[in-house]
Structure formats: C-alpha cells, structure tokens
Protein chains: 2
Amino acid sequence: MPSNKTTQCLAFEHHDHQRCQSRLLSAAKQLCHSQNIRLTERREQVLQILLQSHQPMGAYEILGQLNQNPDVSMVAPPIVYRALEFLLSVGLVHRIECKNAFIGCAHPGHASAAQFLICKGCEKVAELDNPTTSLQQEASQVGFMIDHSVVEITGLCAECQADG
Amino acid sequence: MPSNKTTQCLAFEHHDHQRCQSRLLSAAKQLCHSQNIRLTERREQVLQILLQSHQPMGAYEILGQLNQNPDVSMVAPPIVYRALEFLLSVGLVHRIECKNAFIGCAHPGHASAAQFLICKGCEKVAELDNPTTSLQQEASQVGFMIDHSVVEITGLCAECQADG
DNA sequence: TGGCATAATGTTATATTATAACGTAACTTA
DNA sequence: TAAGTTACGTTATAATATAACATTATGCCA
Ligand SMILES: [Zn+2]
Ligand SMILES: [Zn+2]
Ligand SMILES: [Zn+2]
Ligand SMILES: [Zn+2]
C-alpha cells in the first residue's frame, strides 16, 4: 500500500528507514536553528535513539541505550526525562500515553494535533496529522476550550493482520 | 447550558449528583446481574468510590479511601488494581491514560468507544459516547483494524473559562 | 577579556504507579 | 462434601517519574 497525503502511514509500510531517519534529524536541526532554540548533544542523542525505529520507547529504555556506550559514564533518569521534556515542548517528540512511552515526531513543524495508530503486532506507531475537526466541533459545542488532545488507536496494521 | 443527546456533558453542568451516583450504581448492579458476572463487595466499594465525583482518581487515592475506615484492616495495592481490572473489563470504569487515573463510566452498557473532555481547571472529566466514525474511516483507509481507542481532550470547561 | 546571569547537565534520593508470586478464603456445581 | 474455580489477601519488588541541589556550559554585556 503506497503512502499518500491523506493517510501518511509510512510507519507500517516498507520504506528506506535510513533516509526517513536522517530526514527527520535534519528537519529537527533546521527547526531548532530557525527558532533559535538549542538542540544540544544530549537532546540530539535522545532524539536519535527515538528515531531509530517507529516503535515507541520507554524512558528507561532510552536510558539503557545512552548507557550502552562503555566509554562514557552512566547517566541517571533525570537526564533522559529532561531531554524528553525539551523535545516534547518543541514538538519533536510525542508521548504515547497508553504505553508511557515516547516516539519521534513524524511530521516536525506540523502544528496540528497528532493522532496515532498503534499496532499490537509489530508495535509500530504511525502518526497521522489530520486536523481532528469533528472532535473540535464536539468540544466547542459544549463550550470546551481545547488545550491538548490525545488520540491513540490500538489495533492491528494491515501487514500484521495478514501474518495472522 | 442544558444537557442533550448530542453532547452529554453532564459532568461540567450543575446537577443532582446524588441521583447521578445512585443511578450509575443501580445500572452497574443490573448490568452485572443480567450478564451473570459478580459485582462483589470489594468491586462495588471501588466503584462507589469512583462514582463519588466526576474527577478521575489514581489507584493509590482509591486505596487511601478504602483504608480510611479504621474498623477494617488495611488493604494493599493489588486489591485495588484487581477490582479496577474487573471494572474496566466490564466497562463500568474507564482509564484516563494521560493521568494514570480511573473514572466511573458515565454510560454503562453503551459499547461505543468513549471520548473524554478533561478540564484542567476543575479537573472534572466528561464522557462522550459518540461513535468516532471519522477516525474509524481514517483507520480503515489504511487497512488498520481497530481494537481500542483512547481519545482524551484536555482544556477548560465553559465554567472554568468564565472563572478566569 | 572578565564577570555575571541564565540555561543545561549531572547526582542523589525518593515519590508514584503497577505487578509478580504465592497463600487463603469463598463460591459453584456435581 | 469434595473438587474445581474464582476472588481476595499479603509480601515483595518492578517500572515510571520527579524533587532537590550541585556543577558546568553558554550567552551577554561592561
Ligand atoms: Zn522510517
Ligand atoms: Zn503491525
Ligand atoms: Zn454527577
Ligand atoms: Zn472546569
């Protein structure tokens, strides 16, 4: 199934992930530079770890990867959580609430509320960036002022359905 | 703003919550009876605690309330988590992922995927039970088979906006 | 350039949320 | 009542997250 503007479900499709990864890293650098905010080495390390795959990672999993390098001294949880806090605030990373995990943003710079499809089979997560208009309508109908929205759909991607 | 079939935002409106509470408890009892599943004393205790308000509660907060009664011996976390597991499985309680908290279902028996409006001001949560058709369409367009959906909208309810 | 303010990182300890593992009691049904 | 099953109780520990404070790096201005 080819990717298109409507669906943007690249995560579940076979693709050149090296390219995917480096494109997102470049975009991140550019975004930070243009906004004059600092993508420090630590922050970039954490982002790179998250961009390795389309599977979300827990904070301690990221911590583990940081500490895999025996040359440098071990770091503690706050290091990771602070880098994540920054990346979340800039919109380079999203939190997957139903998994207490984090994933690199697939559409950096797109301000619209993200929605996620989470496959229980391959554990990959696809990020959609459609405006959630029907929800916004619903909310405004009752006078509710939206600040942030979490939309996480769990199920099976096409490939995992085929695999049984 | 009056409640209506479209919006069902009772939680943010002034209402007779005593009535609200007892109605939901009755519904729960009836639902369990009709499905021949056991709403034991513990499970009912936990449900009643959750039905006290429209604010979600953490598991340890529930635990605290259970242990407030000095007549009976203290209980430990698994007691609460197991009661919650049951209530979640039956659909009498929902989990608010973005708060790691739990809330009594406002529409017991309605099978459709719930959506929540979460006010940052009063911390109340309103449950909508509209079918999330646009999301389902989106998902099916990319061949994704939905199992469970989490829709949690954070913001300010009408009253909290008015309060400044 | 040196000194100051701020931002980022590092470190230690601890809070909060959740589950594993195993034993006991209660209910069900034959 | 015996056997099987479900629910409850208890202890210990895992997994996730943050508070508090010390240190280092960066940016800015005199
Ligand atoms: Zn990729
Ligand atoms: Zn899959
Ligand atoms: Zn009520
Ligand atoms: Zn409110």
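Model, not experiment: these values are computed from the prediction. (Residues numbered from 1 in each chain as written. Chains lettered and ligands numbered in written order. Predicted model: local features only at pLDDT ≥ 70, side-chain atom pairs only at ≥ 80, totals over all residues. Heavy atoms only, no water.)

## Points about the protein's contact with DNA strand D
Taken together, 17 residues are adjacent to DNA strand D, and Y60(A), R95(A), T40(B), R42(B) and R82(B) come closest. For DNA strand D, the fraction of atoms within 4 Å of the protein that belong to sugar or phosphate moieties is 49%. Y60(A) has a polar side-chain atom sitting 2.7 Å from a base nitrogen of DNA strand D. The set of elements that each furnish at least two residues to the surface near DNA strand D consists of α4 (77-90) of chain A together with α2 (41-51) and α4 (77-90) of chain B. In terms of residue count, the dominant contributor to the surface near DNA strand D is α4(A) (four residues). (Near = heavy atom within 4 Å. Polar contact = N/O pair within 3.5 Å; in protein donor to acceptor, adjacent residues only side chain to side chain. Helix = DSSP H or I, 4+ residues; strand = E, 2+ residues; numbered from the N terminus.)

## A short note on the relation of the copies chain A and chain B
Laying chain A over chain B is done by rotating through 180 degrees and shifting 0.0 Å along the axis; what remains is an RMSD of 0.0 Å. Read as a symmetry element, the transformation amounts to a two-fold axis. Considering only C-alpha atoms, the residue of chain A closest to the rotation axis is V151(A), which sits at 2.3 Å. The fraction of interface residues of chain A whose copies in chain B are also interface residues reaches 100%, indicating that both copies meet through the same surface. (Least-squares fit on C-alpha atoms with pLDDT ≥ 70 in both. Contact = heavy atoms within 4.5 Å.)

## Some words on the pattern of salt bridges
It is possible for side chains of opposite charge to pair when their charged atoms get near one another. Residues and elements named next belong to chain B. Applying the stated criterion across every chain, the model contains eight salt bridges over all chains. Residues E44 and K29 are paired through a salt bridge, measuring 3.7 Å at the closest nitrogen-oxygen approach. In this pair, E44 sits in helix α2 while K29 sits in helix α1 (residues 17-34), placing the two residues 15 residues apart along the sequence. On the basis of relative accessibility, which here comes to 41%, the residue K29 falls in the partly exposed class. (Salt bridge = Lys/Arg side-chain N within 4 Å of Asp/Glu carboxyl O. Buried < 20%, exposed > 50% of the residue type's maximum accessible area, 1.4 Å probe, protein only.)

## Focus: the packing of aromatic side chains
A complete count under the given rule lists four aromatic pairs over all chains for this structure. Consider the rings of F144(A) and F12(B), whose centres lie 5.7 Å apart with planes at 20 degrees: the pair is stacked. Here F144(A) is found in the loop between α5 (133-141) and β5 (145-156), whereas its partner F12(B) is found in the segment before α1 on a different chain. Considered together, F144(A) and F12(B) belong to a single accessibility category, that of buried residues. Ring geometry for Y60(B) against Y81(B): centres 6.4 Å apart, planes inclined by 70 degrees, an arrangement best described as edge-to-face. On the criterion of sequence distance, the pair formed by Y60(B) in helix α3 (residues 59-66) and Y81(B) in helix α4 is long-range, its members being 21 residues apart. Y60(B) gets classed as exposed once you look at its relative accessible area, which sits at 54%. The exposure class of Y81(B) is partly exposed, given its relative accessible area of 39%. (Phe/Tyr/Trp six-rings, centres within 6.5 Å; stacked < 30°, edge-to-face > 60°.)

## What about the coordination of the zinc ion (ligand 1)?
All names here are of chain A. Taken together, H15 (NE2), H17 (ND1), C20 (SG) and H54 (NE2) make up the protein donors of the zinc ion (ligand 1), found 2.0 to 2.4 Å from the metal. Of note is the zinc ion (ligand 1), whose four donor atoms meet at the metal with angles of 102 to 117 degrees in an arrangement that counts as tetrahedral. Within one chain, the residues serving as donors to the zinc ion (ligand 1) are arranged as H-x1-H-x2-C-x33-H. Here H54 lies in the loop between α2 (41-51) and α3 (59-66) and C20 lies in helix α1 (residues 17-34), a separation of 34 residues in the sequence. Per residue, the accessibility class of C20 equals that of H54, and both read buried. (Donors = N, O, S within 2.8 Å, 3.2 Å for Na, K, Ca; no water. Tetrahedral: all angles 85-135°; square planar, octahedral: opposite > 155°, others 65-115°.)

## Looking at the interface of chain A and chain B
Listed as interface residues are 38 residues of chain A and, on the opposing side, 38 residues of chain B. Buried area between chain A and chain B, summed over both chains or domains, comes out near 3000 Å², and the portion from carbon and sulfur atoms is 62%. Our count for the chain A to chain B interface comes out at two salt bridges. As a salt-bridge pair, K120(A) and D147(B) come within 3.5 Å of each other at their nearest N and O atoms. Summed over the shared surface of chain A and chain B, the result is 15 residue pairs in polar contact (both at pLDDT 80 or more). At the level of elements, β3 (115-119), α5, β5 and α6 (158-163) of chain A are the ones that each hand at least two residues to the side of chain A that touches chain B. Classifying every residue of the side of chain A that touches chain B by side-chain character gives 20 nonpolar, 13 polar and five charged. One ladder, built from eleven bridges, connects β5(A) with strand β5 (residues 145-156) of chain B; its direction is antiparallel. Following the sheet pairing, H148(A) is matched in β5(B) by T154(B). (Buried area = accessible area lost by both parts, 1.4 Å probe. Nonpolar A, V, L, I, M, F, W, Y, C, P; charged D, E, K, R; others polar. Pairing = 2+ DSSP bridges.)

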